[in-house]
Amino acid sequence: MNSRIYQRFLPYGVAIGSVAIAFLLTFVLESMLSRTIASCFFVAVAATTWYGGMKPAIVTTILSALVIQYFFITPVNHLNPVSWSDAIRLVLFFCNASIINLLGSDLRTSKRKIFQLSQQLLEESAEQLRLAISATQMGLWNWNIQTGEIKWSPEHELVFGLAPGTFDGRYETFDARLHPQDREGLNQAVNRAIKKRSVYQHEYRIIWQDGSLHWVEGRGQAFYDTTGQPLRMMGTVIDISDRKQAEAALAKSEQYLRTIIDAEPECVKVITADGILLNMNAAGLAMIEANSLDQVLGQCVCPIVAPNHQQAFMDFTQQVAEGNPGVLEFEIIGLKGTHRWLESHAVVLPDADESENKVLAVTRDITARRQAEIDLRNAKAELETRVAARTAELSQANMQLQKELSDRKQVEEALQQSEAKFRSLSECSPIGIFMSDAQGLTTYTNPRAQEIGGYTFAEALGDGWLEFIHLEDRERILTEWSTVTSQNQRFSFEDVRYVHKDGTIRYARIESAPILSADGQQITHVGTIEDITASRAIAQMKNEFISIVSHELRTPLTAIRGSLGLLAAGVYDKKPEKGKRMLEIAADQTDRLVRLVNDILDLGRLESGKTKFEMQNCDAAKLIQQSVDTMRSSAEANQIKLSVNCPSLRVWADPDSIIQTLTNLLSNAIKFSPHDTTIYLSAEQIDTQIPQIPISVQTLTPCILFQVKDEGRGIPPENIETIFERFQQVDASDSRQKGGTGLGLAICRQIIQQHGGHIWAESVVDQGSIFYFTLPIVN
């Protein structure tokens, strides 16, 4: 109670005392405080406030103001100010003192709050420490070295597998929990820490009552007396079994990783950003020619990098350490002096415990590849040189080739033009042309050659043309053809027999000549084929004609010459009847000779096309009747009857030539018909499909068919066609006996053919013959 009263009123006492002290000091120092007479009172207010708070300070302020007014402001010993300036000074004092009071009070309050906060923080820290110790299972121990007594916290007992409060405080109990193999080490660590006055820290194993093994870490420090003798030792113990298991697992993992890295054939290393080697596998050590990892561990790898690559290597390492992985090729010089080219693939290896990242690099030896690249580069350079030289040669050759191609193109164009001309000439040539190669095989035939041979272009190629050569001539021609082609000689054959596709045997003239190259080699054979069948027949006919004409002319001329010779010699001067007969014979032969000459001239004009026909609309019946009237006397002289059956039919013909044709046919019928027979003449309009018209003379237009039928001796079948040729008669003596020239039917054929008609004959020996001819009707 007294203490409480004392504590309550002590500040006020301090206030009064401080004012008194201020008064005394001011009084003593008044001469020196003429203008700051209240300064000591301010100190009094500040001291009262610091010690007692605001209320005592107010008391001090009031008392100080009264003291100052009463004792230091003149006139002294008065409480009331006598002037406004004194009053203002007191008010200012009072305000300043109040401010000091407020500031001091706040400072005092802040100090108290800081003290309370500090106490609170200490309590919270103690609680957090207790919780931390509990959370970390950290035990506290206190060992009295002098007495051997040991005190454990409950957490310590739990770490050693004991229930809280069961530890008896004996060192033997603690020692019994130690692993036998760790006991000696623990004792040595404790003694060493006590002896060296160092911090004790040791890890060891303990065995719980259930037999389980646990790792713990003990830490502590000894305390000594003034003589240096150890008094006690305090410390902590913590269960580190999990950490030990993690460390064992980590060590095992590191061992596995180390085994894998050592098995890697490429260099695997870890370096700092400055190139300090932190780890490297066996392949890397062999690559840099180091005997062991200890030889190079912790050293910078830059010195083994070739000088011209060191800066690039350091820049590369810095970039990778900054998080930019990459690849670098560089050259190193091994510890034994071997030069190698390496390719390094590096990535950043973050290290949370270090401020600077590490670099993990996998490096392979690319010396062989670089050497191959150098060899390839050299080979490429050499190849490019060769290619350039070869290109120059090829360019020159190309220019030469272009020139040759240009020349060849001109030659080819000329050749094409020549070939076009040759082909045009060949296509239009009336003479057959063929070409064969150096082996004699046909390579070309023109249309005329195909027409002459009767074969197609494909059939004539190669040696196909031999199939058309007459079998009897084939071997001979083939032998001669092979000989001339092999000897580059000209080839010429006259009268080559060949079998046309229509089955007829024809004749051809073949000539060929080789075409040689500049060096004399045979390129091809070019030849011509000329169909000489017609000319050969004409020649033969000419020969026969000359022979017949000579005979036919000689016969009447001989008779005329003989008759006239006898008369000129006067042989029949005395026999006028015979002389007259000779003259008649000469006249008859002269008439025959005239007829023969006329027929020859008529036939020649007809064949040469010089005969001009006066084509007109004619009545077939009148033409027949005029012919019958002409030959009626001759028929009656031979006791032959003429029968005409012809309606009025209009034909388009030259009437004189048709009458000449009918007269010739009627004359022949009279000559070769016996007495008392009848010759039938008729005409009718027919179409082309009637049986009596041969297929070879069928036409598509209607025509007038004339017939002259007799009952004479007939014509043998082998002569049925030849009788229309010159001087072809069934019996050669007929011309002399019957007075014919052998040209009548030939003239008839020419006349009818030039009218656009056909003429032919049908005959049966000893039964008679029928001569037909057709003429076009009038449109």
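Residues numbered from 1 in each chain as written. Predicted model: local features only at pLDDT ≥ 70, side-chain atom pairs only at ≥ 80, totals over all residues. Heavy atoms only, no water.

*Asks:* An account of the nonpolar core is requested, with residue identities and associated values reported.
*Replies:* In this structure, Val651, Ile658, Ile679, Phe706 and Phe773 are the most contacted members of the largest nonpolar core, which totals 47 residues. The contact partners of Ile679, leaving out residues within four places of it in the chain, are Ile640, Lys641, Leu642, Ser643, Leu666, Ala669, Ile670, Ser673, Val708, Lys709 and Asp710. Core analysis: the next-biggest nonpolar cluster, separate from the first, contains 26 residues, Val320, Phe330, Ala346 and Val359 among them. (Core = buried A, V, L, I, M, F, W, Y, C linked by side-chain atoms within 4.5 Å. Buried < 20%, exposed > 50% of the residue type's maximum accessible area, 1.4 Å probe, protein only. Contact = heavy atoms within 4.5 Å.)

*Asks:* Summarise the side chain of Asn281; cite the residues concerned and give the values.
*Replies:* With respect to the helices and strands, the residue Asn281 is situated in the loop between strand E7 (277-280) and helix H9 (282-288). Within the local environment of Asn281, its side chain forms a polar contact with the backbone oxygen of Ile261, the two atoms lying 2.8 Å apart. A polar side-chain atom of Asn281 sits 3.5 Å from the main-chain carbonyl oxygen of Glu264. Not counting residues within four places of it along the chain, the set of residues in contact with Asn281 comprises Arg258, Ile261, Asp262, Glu264, Glu266, Cys267 and Val268. (Helix = DSSP H or I, 4+ residues; strand = E, 2+ residues; numbered from the N terminus. Polar contact = N/O pair within 3.5 Å; in protein donor to acceptor, adjacent residues only side chain to side chain.)

*Asks:* Give a detailed account of empty space enclosed by the protein, specifying residues and quantitative values.
*Replies:* Counted according to the given criterion, the structure contains three cavities of 30 Å³ or more. Taken as a whole, the largest cavity spans an internal volume of roughly 250 Å³. Lining the largest cavity are 18 residues, with Tyr455, Trp465, Ile469, Ile510 and Ile529 positioned closest to its centre. Elements with a contribution of two residues or more to the lining of the largest cavity: strand E12 (442-445), helix H13 (447-453), helix H15 (471-486), strand E13 (491-499) and strand E14 (505-516). In terms of residue count, E13 provides more of the lining of the largest cavity than any other element does, three residues in total. Within the lining of the largest cavity, the residues separate by chemical class into 15 nonpolar, three polar and no charged. There is about 100 Å³ of room inside the second largest cavity. What lines the second largest cavity is a set of 13 residues, and nearest its centre among them are Lys269, Ile288, Ile304, Phe330 and Leu342. Across the lining of the second largest cavity, the residue classes tally to 11 nonpolar, one polar and one charged. (1 Å grid on protein atoms, 1.4 Å probe; cavity = no way out; pocket = protein on both sides within 12 Å on 5 of 7 lines; lining within 4 Å. Points joined across faces, edges and corners; volume = space filled by probe spheres on them. Nonpolar A, V, L, I, M, F, W, Y, C, P; charged D, E, K, R; others polar.)

*Asks:* Give me the pattern of salt bridges: which residues, what numbers.
*Replies:* For the coordinates displayed, the defined rule picks out 32 salt bridges. One salt bridge connects Arg340 with Glu289, and the closest N-O pair in it is separated by 3.6 Å. Linking Arg340 in strand E9 (residues 339-349) with Glu289 in the loop between H9 and helix H10 (293-296), this pair joins segments that are 51 residues apart in sequence. Taken as a pair, Arg340 and Glu289 share a single burial class, namely buried. Residues Arg650 and Asp619 are paired through a salt bridge, measuring 3.9 Å at the closest nitrogen-oxygen approach. In this pair, Arg650 is assigned in strand E18 (residues 650-653) and Asp619 in strand E16 (residues 616-619), connecting sequence segments 31 residues apart. We classify Arg650 as partly exposed; its relative accessible area is 38%. Through salt bridges with shared partners, a single network forms among Glu329, Glu343, Arg364, Arg369, Arg370 and Glu373. (Salt bridge = Lys/Arg side-chain N within 4 Å of Asp/Glu carboxyl O.)

*Asks:* Please set out the packing of helix H17 (residues 576-608) against helix H21 (residues 744-754) residue by residue, giving values where relevant.
*Replies:* Orientation of H17 relative to H21, taken along the N-to-C sense of each, is 30 degrees, at an axis distance of 10 Å. What the angle tells us is that H17 and H21 run roughly parallel. Between H17 and H21 the crossing geometry is left-handed. Of H21, the residues touching H17 (which contributes Asp599, Asp602, Leu603, Leu606 and Glu607) are Ala746, Ile747, Gln750, Ile751 and Gln754. Residue composition of the contact of H17 with H21, by class: five nonpolar, two polar and three charged. (Axes fitted to C-alpha atoms, helices over the stretch in contact; angles between N-to-C directions. Parallel < 35°, antiparallel > 145°, perpendicular 65-115°, else oblique. Left-handed = near helix turned anticlockwise from the far one by under 90°.)

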